Amino acid sequence: MDIDYTPPSTAKKFMESDAKMRAFMGPVGSGKSVACSFEVIRRASMQKPNANGIRKSRAAVVRETARQLQDTTIKTFLDWFPPGPCGQFMRTTKTYFFKVGDVECEVMFRALDDADDVANLNSLELTFAWFNECRDIHPDIVDAMSKRIGRFPSSKDGGPSWFGMWGDTNPPTMDTWWYYQMEKLNPADGVSENDNGWDVFKQPSGRSTFAENVENLPDGYYDTQGRSEEYIRVYIDGEYGLSSAGQPVYKYFRPDYHMAREPIRSIINGVRPIVIGMDLGLTPAAVIGQQDPRGRALILGEAVSFGMGVQRFVRSVLKPLIYEKFSGAPVIIVTDPAGIQRAQTDERSAVDIIKTEGFRVFPAKTNNISARLNAVDDFLMRHVDGDSAFLIDPSCTNLKSAMMGGYRYHHKNESIHKNKHSHIAEALQYLMLHITSAGEGALVLQRRDVKRVAAGGWT
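Residues numbered from 1 in each chain as written. Predicted model: local features only at pLDDT ≥ 70, side-chain atom pairs only at ≥ 80, totals over all residues. Heavy atoms only, no water.

Enquirer: Tell me about the pairing of strand β12 (residues 331-335), and name the residues and values.
Expert: Of all five residues in β12, five are buried; the element is thus mostly enclosed. Residues Val331, Ile333 and Thr335 point to one face of β12 and Ile332 and Val334 to the other, with burial holding for every one of them. Sheet topology note: the strand β9 (residues 274-279)/β12 ladder contains five bridges and is parallel. Each residue of the ladder has a partner; that of isoleucine 274, found in β12, is valine 331. (Buried < 20%, exposed > 50% of the residue type's maximum accessible area, 1.4 Å probe, protein only. Helix = DSSP H or I, 4+ residues; strand = E, 2+ residues; numbered from the N terminus. Pairing = 2+ DSSP bridges.)

If you want it as structure tokens, here you go:
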């Protein structure tokens, strides 16, 4: 039996990864489930033969409910690998014994709904596992599954050549466990970095010229007429769903357009300044940016903290970052206007404290929320020679999370919800209020002292 399958571009990259956990996200109809079905057989075919020359492996394929498993997951798998030519499917146990040539793979289809189903995994010995529509799978199931893979074949039979897990999904909702894991953020606080070792692969929008699998879809499949904004966002554009807590403040932000794919290099020539927007209080945050010669706002870095005063933040977090990445460039810090208020203890303001650390610093020209938001939106909507006028370095994960919907309006009114994302979002606003004037040299910059050179040498 011949099976002709060529994976879409993103699916190919997904298959080439050997990460122990992979997430494959995209619009509806983009070929994710088919790619993952082939990944089961592809990985089974890569298992090294045992003493009898047979490549043996065992896989679990998980969906949230038995109905979803039967109507979608199993149906897709059997369409491509029909019983008979490819093996035997036991409908009572929902187990497929794939057998083609020297490849034998026991594929166990399981419906696992919540943490109570963890016990159903306790006796399994698997090679790898696939979570179909993984955004619906409880985190405890994923954790339990991670302890069951890599156990078949046993070490006496040579062990698995590779083991791991993967999941395919339409985009999950923000502020969920899957969202945080896919964005490499700590689910405990939603902002700190989480080095979980996952590889995440995101397909382009169904409306994009780079849309995948459209040749296998009917005409008009991705039409937006009659669709809600949320449906279009998730199922057509393949972007994370919005939290029910409220609408995002930055509606014009698009990760695929405003996030750089590679690290952005700053311009360090002693003339063009680095501008740092800084939110104060006991949760200081800073956003580091620079305007390039084309007039684009380049967001080069970020710094966040919790339960830390301004002086300790500057000394232990901000200064090391500046010296590591931006040494040699003039630096300007723009703070929350409240930074000029003096403390009752030593009569020093936050601006005074930052000045004593050797920085040129001044409060933002206004704290008006409309002006601050407009300063950001102006660049989000602007284009420079066909490119975005606002570009964020991929290292700025906290800022990205805030702009994608963490920084949002209250559900019941138009005020902005103050939460863990507010500090980094407001730091960006102070930066954007002044990034143009700083880039044009309208601000007085702090210069490093330069030694004078006399005819006889350095003096």
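Right, picking up where we left off after that structure.
Enquirer: For the environment of isoleucine 268, give the residues involved together with the corresponding values.
Expert: Here isoleucine 268 is to be found in the loop between α7 (255-258) and β9. The spatial distance from the C-alpha of isoleucine 268 to the C-alpha of leucine 380 is 24 Å, given a sequence separation of 112 residues. When neighbours within four sequence positions are excluded, isoleucine 268 is seen to be in contact with Lys325, Phe326, Ser327, Gly328 and Ala329. (Contact = heavy atoms within 4.5 Å.)

Enquirer: Talk me through the sheet that holds strand β4 (residues 95-100); I want residue IDs and the actual numbers.
Expert: Ordered by their spatial adjacency, eight strands build an open sheet running β3-β4-β5-β2-β6-β7-β1-β8, and the pairing between neighbours is mixed. Strand pairing shows two members of the sheet lacking a second neighbour, β3 (87-90) and β8 (199-202), which therefore form its edges. Across the sheet, the mean angle from the axis of one strand to that of its neighbour is 15 degrees, orientation sign disregarded. Where strand β2 (residues 55-63) lies against strand β5 (residues 103-111), nine bridges are found, and the strand directions are parallel. Looking at the pairing, serine 57 lines up with cysteine 105 of β5. Here helix α1 (residues 9-16) sits on the sheet and contacts β1 (21-25), β7 (164-169) and β8; the angle it forms with β1, its principal contact strand, is near 175 degrees. (Axes fitted to C-alpha atoms, helices over the stretch in contact; angles between N-to-C directions.)

Enquirer: An account of the pattern of salt bridges is needed here, citing residue identities and associated values.
Expert: On inspection of all chains with the given rule, the structure shows 27 salt bridges. Its salt-bridge partner being lysine 202, residue glutamate 183 comes within 2.5 Å of it at the nearest N-O pair. Remark: lysine 202 occurs in strand β8 and glutamate 183 occurs in the loop between α5 (177-182) and β8; sequence separation between them is 19 residues. Between arginine 296 and aspartate 292 there is a salt bridge whose closest N-O contact spans 2.7 Å. Arginine 296 gets classed as buried once you look at its relative accessible area, which sits at 16%. On the accessibility criterion, aspartate 292 (5% relative accessible area) is buried. (Salt bridge = Lys/Arg side-chain N within 4 Å of Asp/Glu carboxyl O.)

Enquirer: An account of the packing of aromatic side chains is requested, with residue identities and associated values reported.
Expert: Scanning the model with the defined rule gives 24 aromatic pairs in all. Centre to centre, the rings of tyrosine 5 and phenylalanine 38 are 4.2 Å apart; their planes meet at 10 degrees, and the pair counts as stacked. Of this pair, tyrosine 5 sits in the segment before α1 while phenylalanine 38 is found in helix α2 (residues 32-45), placing the two residues 33 residues apart along the sequence. A relative accessible area of 13% places phenylalanine 38 in the buried class. Summarising the aromatic geometry, the rings of tyrosine 231 and tyrosine 235 are spaced 4.9 Å apart at their centres and angled 35 degrees between planes, so their arrangement reads as tilted. On the criterion of helical spacing, the pair formed by tyrosine 231 and tyrosine 235 is a turn pair, its members being four residues apart in helix α6 (residues 229-236). The exposure class of tyrosine 231 is partly exposed, given its relative accessible area of 27%. Geometry around tryptophan 162 places arginine 43 over its ring, the cationic atom sitting 4.0 Å from the centre. Directly above the ring of phenylalanine 379 sits arginine 382, whose terminal nitrogen or CZ lies 4.2 Å from the centroid. (Phe/Tyr/Trp six-rings, centres within 6.5 Å; stacked < 30°, edge-to-face > 60°. Lys NZ or Arg CZ within 6 Å of the ring centre and 35° of its normal.)

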